[in-house]
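# What the coordinates show
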Amino acid sequence: MANFIDWLIGIFGSSSQPSVIGAINWDETINIITPHIKKPSQIYLSDATYSLTSVDELRKFLNADRTNYGKYEAEGHDCDNFSYQLMGYFSKWSYSFCFGIAWSKGHAFNIMIDSNKKLYVIEPQGDAIFTIEEVIKASNLKPLYYPFEMVII
Ligand SMILES: [Ca+2]
């Protein structure tokens, strides 16, 4: 029953659409991600422009969203599934936000460019939000998230 309720909340959402606070174009998006990916050719952008929202709005969304409560199953419902699920729920609004999936060598997670045009890493298995600078500096975070090997937004 709890799983069914989680599923319903996931489909219909208990959160409202994050506020749109600006926009970003293709070139700006590429320029922000390129320094952090092994091969720039591995950046896949689906829109010419994206809407932006704030980290506060992202936090509100993450608090309402239930993806982080999913059960981890190695080679089953694992890191890639969590990241696809969170991107899916973040893609249900009328606006296409600059929110996507990234892979490092051994992990899949989410990324977002916020309304200050700063790049963030989001861990969909626990709702942690890190600036890209925090990821690069932290010896426990960097091997998990950096550098990116592929990005889809
Ligand atoms: Ca959550």
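What counts and how
Residues numbered from 1 in each chain as written. Predicted model: local features only at pLDDT ≥ 70, side-chain atom pairs only at ≥ 80, totals over all residues. Helix = DSSP H or I, 4+ residues; strand = E, 2+ residues; numbered from the N terminus. Buried ≥ 20, exposed ≤ 12 C-beta atoms within 10 Å, placed from the backbone. Contact = placed C-beta atoms within 7 Å. Pairing = 2+ DSSP bridges. Core = buried A, V, L, I, M, F, W, Y, C linked by C-beta atoms within 7 Å.

### Let's talk about the overall build of the protein
Scanning the protein from N- to C-terminus turns up 6 helices and 8 strands. Each helix (α) and strand (β) of the protein, taken in turn from the N terminus, gives the series α-β-α-β-β-α-α-β-β-β-β-α-α-β. Taken along its principal axes, the extent of the C-alpha atoms in the protein is 45 × 35 × 25 Å. Looking at the protein residue by residue over its 153 residues, the buried ones come to 29%. Taking as baseline every contact in the protein between residues at least 6 positions apart, the subset at least 24 positions apart corresponds to 67%.

### Here we look at the pairing of strand 5 (residues 108-113)
With 5 of its 6 residues buried, strand 5 lies for the most part within the structure. In this sheet, strand 5 lies alongside strand 4 (residues 99-103) in antiparallel orientation, the contact comprising 5 bridges. Bridging from a neighbouring strand, tryptophan 103 pairs with alanine 108 of strand 5. Connecting strand 4 to the next strand, strand 5, in antiparallel fashion are 4 residues. The loop that links strand 5 with its antiparallel partner strand 6 (residues 119-123) comprises 5 residues; one of these, lysine 117, has a positive phi angle of about 60 degrees.

### Re the sheet that holds strand 5
If you trace the 6 strands from one edge of the open sheet to the other, you get 2-8-4-5-6-7, paired in mixed fashion. Looking along the sheet, the strands with just one partner apiece sit at the ends: strand 2 (43-44) and strand 7 (128-131).

### Digging into the nonpolar core
Formed by 30 residues in total, the largest nonpolar core has its most connected members in Phe90, Cys98, Phe99, Ile111, Met112, Val121 and Val151. In terms of residue count, the dominant contributor to this core is helix 4 (residues 79-90) (5 residues). Apart from residues lying up to four places away in sequence, isoleucine 111 is in contact with Gly100, Ala102, Leu119, Tyr120, Val121, Ile122 and Val151.

### Some thoughts on the pairing of strand 4
Examined bridge by bridge, strand 4 and strand 8 (residues 150-152) share 3 bridges and lie antiparallel to one another. Directly across from alanine 102, in strand 8, lies its bridge partner valine 151.

### Quick notes on unusual backbone geometry
Residue proline 147 follows tyrosine 146 across a cis peptide bond; omega there is -5 degrees. Along the chain, proline 147 falls in the loop between helix 6 (142-145) and strand 8. Despite not being glycine, lysine 117 has its phi angle at roughly 60 degrees, a positive value. Mapped onto the fold, lysine 117 is located in the loop between strand 5 and strand 6. By C-beta crowding, lysine 117 is classed as partly exposed, having 14 other C-beta atoms within 10 Å. Positive phi, normally seen in glycine, also occurs at aspartate 127, with a value near 65 degrees. The residue aspartate 127 is located in the loop between strand 6 and strand 7 in this model. The exposure class of aspartate 127 is partly exposed, given the 17 C-beta atoms found within 10 Å.

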